[in-house]
Amino acid sequence: MTQRPLDRRNVLIGAGLLAALPAVALAQTAPTPTPAPAAPAPKPPVYVAIDTPQGRIIIELAVAQAPITTANFLRYVDRKLYDKATFFRASRAPSAVDYGLIQGGLQGIGALPPVAHEPTTQTGLKHVDGTVSIARTAPGTATSDFFICIGDAPYLDADPKAPGDNLGFAAFGRVVQGMDVAKKILALPTPGKAINPVMKGQILDPSVPITSARRIPAPTGPDVTPPPKL
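Residues numbered from 1 in each chain as written. Predicted model: local features only at pLDDT ≥ 70, side-chain atom pairs only at ≥ 80, totals over all residues. Heavy atoms only, no water.

**Comments concerning the overall build of the protein chain**
Within the protein chain one finds four helices and nine strands. Along the protein chain, helices (α) and strands (β) appear in the sequence α-β-β-α-β-β-α-β-β-β-α-β-β when read from the amino end. Split into buried and exposed, the 230 residues of the protein chain put 42% on the buried side. (Helix = DSSP H or I, 4+ residues; strand = E, 2+ residues; numbered from the N terminus. Buried < 20%, exposed > 50% of the residue type's maximum accessible area, 1.4 Å probe, protein only.)

**A word on the packing of aromatic side chains**
What characterises a pair of aromatic rings is the spacing of the ring centres plus the angle enclosed by the ring planes. Scanning all chains against the criterion turns up seven aromatic pairs. Ring plane angle 45 degrees and centroid distance 5.2 Å describe the contact between Phe73 and Phe172, whose orientation is recorded as tilted. Separated by 99 residues along the polypeptide, Phe73 in helix 2 (residues 67-78) and Phe172 in strand 7 (residues 170-177) bring together distant segments of the chain. Owing to a relative accessible area of 0%, Phe73 belongs among the buried residues under this scheme. For Phe172, a relative accessible area of 0% translates into the label buried. With 5.5 Å between their ring centres and 75 degrees between their planes, Tyr82 and Phe146 make a pair best called edge-to-face. Here Tyr82 is found in the loop between helix 2 and strand 3 (86-93), whereas its partner Phe146 is found in strand 6 (residues 146-150), with 64 residues between them in sequence. By relative accessible area, Phe146 is classed as buried at 0%. Each residue in the set Phe73, Tyr76, Tyr82, Phe87, Phe146 and Phe172 is aromatic and connected to the rest through ring pairs, giving one cluster. (Phe/Tyr/Trp six-rings, centres within 6.5 Å; stacked < 30°, edge-to-face > 60°.)

**Description of the environment of Pro191**
Of note, Pro191 is situated in the loop between helix 4 (179-186) and strand 8 (203-209). Remark: the alpha-carbon pair of Pro191 and Gly201, spanning ten residues in sequence, is separated by 6.2 Å. Those residues in contact with Pro191 that lie beyond four places of it in its chain are Ile203 and Asp205. (Contact = heavy atoms within 4.5 Å.)

**Focus on the nonpolar core**
Of all hydrophobic cores here, the largest spans 42 residues; its most connected members are Phe73, Phe87 and Phe146. Looking at this core element by element, the count peaks at five residues for helix 4. Within the second largest apolar cluster, six residues are counted, among which are Leu101, Ala135, Ala153 and Leu156. (Core = buried A, V, L, I, M, F, W, Y, C linked by side-chain atoms within 4.5 Å.)

**Digging into the side chain of Arg136**
With respect to the secondary-structure elements, Arg136 resides in the loop between strand 5 (131-134) and strand 6. Given the relative accessible area of 15%, Arg136 is considered buried. A distance of 2.9 Å separates a polar atom in the side chain of Arg136 from a polar atom in the side chain of Asp165. There is a polar contact of 2.8 Å between the side chain of Arg136 and the backbone oxygen of Gly168. Ignoring anything within four residues of it in the chain, the contact list for Arg136 reads His117, Thr141, Ala142, Asp165, Leu167, Gly168 and Phe169. (Polar contact = N/O pair within 3.5 Å; in protein donor to acceptor, adjacent residues only side chain to side chain.)

**What about helix 4?**
Of all the residues in helix 4, the buried ones are Met179, Val181, Ala182, Ile185 and Leu186. An end-on view of helix 4 places all buried positions within 155 degrees of arc, on one side of the element. (Arc of directions from axis to C-beta.)

**Brief notes about unusual backbone geometry**
Across the junction of Asp205 and Pro206, the peptide omega takes the value 5 degrees, indicating a cis bond. Residue position: Pro206 is located in strand 8. Positive phi values are uncommon outside glycine, yet Lys80 reaches one of about 60 degrees. Residue placement: Lys80 occurs in the loop between helix 2 and strand 3. If you check the backbone angles, Gln107 has positive phi at about 55 degrees while not being a glycine. Structurally, Gln107 can be placed in the loop between strand 4 (96-105) and helix 3 (120-123). Take Gln107: its relative accessible area is 48%, and that puts it in the partly exposed class.

**Some thoughts on the sheet that holds strand 7**
On the basis of which strands lie adjacent, the open sheet formed by nine strands has the order 8-3-4-6-5-7-2-1-9 and antiparallel pairing. With one partner strand each, in any of the chains shown, strand 8 and strand 9 (212-216) form the two edges of the open sheet. Across this sheet, the average inter-strand angle for adjacent strands is 30 degrees, counted without regard to direction. Note: strand 3 against strand 4, seven bridges, orientation antiparallel. Bridge assignment links Arg92 to a residue of strand 4, and that residue is Gly100. Each of strand 1 (46-52), strand 2 (55-61), strand 3, strand 4, strand 6, strand 7 and strand 8 touches helix 4; the most contacted strand, strand 4, lies at about 95 degrees to it. (Pairing = 2+ DSSP bridges. Axes fitted to C-alpha atoms, helices over the stretch in contact; angles between N-to-C directions.)

Here it is as C-alpha cells:
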C-alpha cells in the first residue's frame, strides 16, 4: 500500500491551527480582569437645629468637606452639651449694624479636647453670608465655640500669602434657615464685660441661651437658603 502524498493546503491549514492553539489556550486560561471599585458616594450633609428664645437656627454641616470640624461639633450636639451654652458675643461693624458675626458655645467651661485645624484652603469652603465656623486662638485649639457670619467675611479665610498666622478659621457649615434669628441676636445690646480685650463692646448682656441643639432631617420649604455661589 502506498502512502498518499500530503495535500499542501491541508498542511498549511493544520499549521495555522497549531499556531493558533497557544493563543486560544491563553484566552481560555487568562483571569477575568477585576473591575475597579466604585468611588464611595460623598457623605450627605447633616442638619442641626439650634433653638433659642429668639427663635430657631438650622445649620447644614459640610461633613464631606470638613470631616474633623463637623465631627467635633456633633460631639457637643450628641452629648447635649450645647444645651448649657449661650450666644454670648455679637460683633457688629461700626458702619453697618446688620453686618458682623455672632458667637456661641461653652466658652471653655466643660469643653472637650481640641481638634486639628481644617483651613479653607483644604476644605474649599468660604466665609460668606451664613457660614458657620469654629472659633480658635492658635491653630489646633478649637473646642466648642462657633460663630455665624452675617455678611461675607473673606478676611476669615486662609491666605497663604499673608504673614504670620495665615490659616484663617475652619468653616464647617452654613445656616439654611433662621438667618433672621441670627440678625436679631446680632442687634441685641452688648454692654457685657469682655475678658478678651479684642471683644470689648461685643459681649451680650444678657446672653442668649441655647435651649437645645439636635440633629434633624433635611429641612424643606421656600425659606431654605440655597447653597452660595462660590
